[in-house]
Amino acid sequence: MTHMRLSFLLLLLLALAVPFATADTIQLTNNNLGLAGIIGTVNLTQGAGGVNVTLSASSGFSFKTQGGDILFNTNVNLTSSNISKISINGVAYTGKFSFTKIATRSGFTFVYDLAGLNPKGMQSAGTISFVISGVTVKQLEQGYKKNPYMWGAHFCVGGGTKCSPNTGFATGSSSAVPEPGTLSLLGTGLAGLAGVFRRRFRS
């Protein structure tokens, strides 16, 4: 009976550990221009005040600010007050922005749309970061209805701060690879289970 209880506890621990990932990187690969490769990445990191989000454009691309959108999905009810600490190319952004619900871009519908970023003299950026309070990384790793993609962003073909006329929209989903802490916990749990079953078979 003791072995069965221990096995149950270990399985419960494993079941609870994996969903609560504290970090994830989403690659923006699907795009409406038919370009191959990774347009950019969205890095999600759990922090004390919410999720730290960083969009990083790949070499040869940039994210459109003026007239651009950053879209994502979650079932958590959010407002503009949940968005803070916006930074563009490493510089704090204190200007206006819009945060609206339900937006469709390139045929994909997302729950939230962060737009209206208008940094002075900058039409596009290599990095855009911000904090979303009141959510977890797990809650930002979901699609919306028939849209399998979790995040989307307008991009410019070409780096720098002057967006070229050649623009597009890229989307991406979670790699679903647990971070090292979760993998370590998973490995420890499996090793414990193996030991329990080995002892049961020997007795």
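You'll find the structure just up there.
What counts, and where the lines are drawn
Residues numbered from 1 in each chain as written. Predicted model: local features only at pLDDT ≥ 70, side-chain atom pairs only at ≥ 80, totals over all residues. Heavy atoms only, no water. Pairing = 2+ DSSP bridges. Helix = DSSP H or I, 4+ residues; strand = E, 2+ residues; numbered from the N terminus. Disulfide = S-S within 2.5 Å. Buried < 20%, exposed > 50% of the residue type's maximum accessible area, 1.4 Å probe, protein only. Salt bridge = Lys/Arg side-chain N within 4 Å of Asp/Glu carboxyl O. Polar contact = N/O pair within 3.5 Å; in protein donor to acceptor, adjacent residues only side chain to side chain. Contact = heavy atoms within 4.5 Å. Phe/Tyr/Trp six-rings, centres within 6.5 Å; stacked < 30°, edge-to-face > 60°.

With that settled, the discussion passes to the sheet that holds strand 8 (residues 91-92). In spatial order, the strands read 1-3-4-12-7-8; together these 6 strands make up an open sheet with antiparallel pairing. For this open sheet the edge positions go to strand 1 (23-28) and strand 8, each flanked by a neighbour on one side alone. Examined bridge by bridge, strand 7 (residues 83-88) and strand 8 share 2 bridges and lie antiparallel to one another. Its bridge partner lying in strand 8, Ser-87 is registered against Ala-92.

Next up on the list: the state of the cysteines. Following the criterion strictly, the structure yields 1 disulfide and no others. Covalent S-S linkage joins Cys-156 and Cys-163, the inter-sulfur distance amounting to 2.0 Å. What sets the handedness of the Cys-156 and Cys-163 disulfide is the S-S torsion sign, and at about -100° it is left-handed. The exposure class assigned to Cys-156 is buried, which follows from its relative accessible area of 0%.

What follows is about the pattern of salt bridges. Counting across every chain of the model gives 2 salt bridges. Residue Arg-105 pairs with Asp-69 through a salt bridge whose shortest N-O separation is 3.2 Å. Note that Arg-105 is positioned in strand 9 (residues 98-105) and Asp-69 in strand 6 (residues 69-72), a separation of 36 residues in sequence. Two residues, Asp-113 and Arg-105, come together in a salt bridge whose shortest N-O distance is 3.2 Å. Using a relative accessible area of 4% as the deciding quantity, one classes Asp-113 as buried.

What follows concerns the side chain of Asn-82. The residue Asn-82 is located in the loop between strand 6 and strand 7 in this model. Taking the relative accessible area as the measure of exposure, Asn-82 reaches 14% and is therefore buried. Among the polar contacts made by the side chain of Asn-82, one reaches the main-chain amide nitrogen of Thr-79 at a distance of 2.9 Å. Asn-82 has contacts with Val-131, Ile-132, Ser-133 and Gly-134, leaving out every residue within four places of it along the chain.

Enumeration over the complete set of coordinates arrives at 7 aromatic pairs. Each ring, one from Phe-99 and one from Tyr-112, has its centre 5.1 Å from the other, and the planes form 5°; the classification is stacked. Taken together, the positions of Phe-99 in strand 9 and Tyr-112 in strand 10 (residues 108-115) put the pair 13 residues apart, joining distant regions of the chain. As far as the burial class goes, Phe-99 and Tyr-112 line up, both buried. A centroid spacing of 5.1 Å and a plane angle of 75° characterise the contact between Phe-108 and Tyr-149, whose relative ring orientation is edge-to-face. With a gap of 41 residues between them, Phe-108 in strand 10 and Tyr-149 in the loop between strand 12 (127-132) and strand 13 (151-157) connect regions that are remote in the sequence. An aromatic cluster of three or more residues is present, and its members are Phe-72, Phe-99, Tyr-112 and Trp-151.

Attention now goes to the environment of Trp-151. Mapped onto the secondary structure, Trp-151 falls in strand 13. Measuring from C-alpha to C-alpha, the distance between Trp-151 and Glu-141 comes to 8.7 Å, with 10 residues separating the pair along the chain. Among the polar contacts listed, one links the side chain of Trp-151 to the backbone oxygen of Leu-140, at a separation of 3.4 Å.

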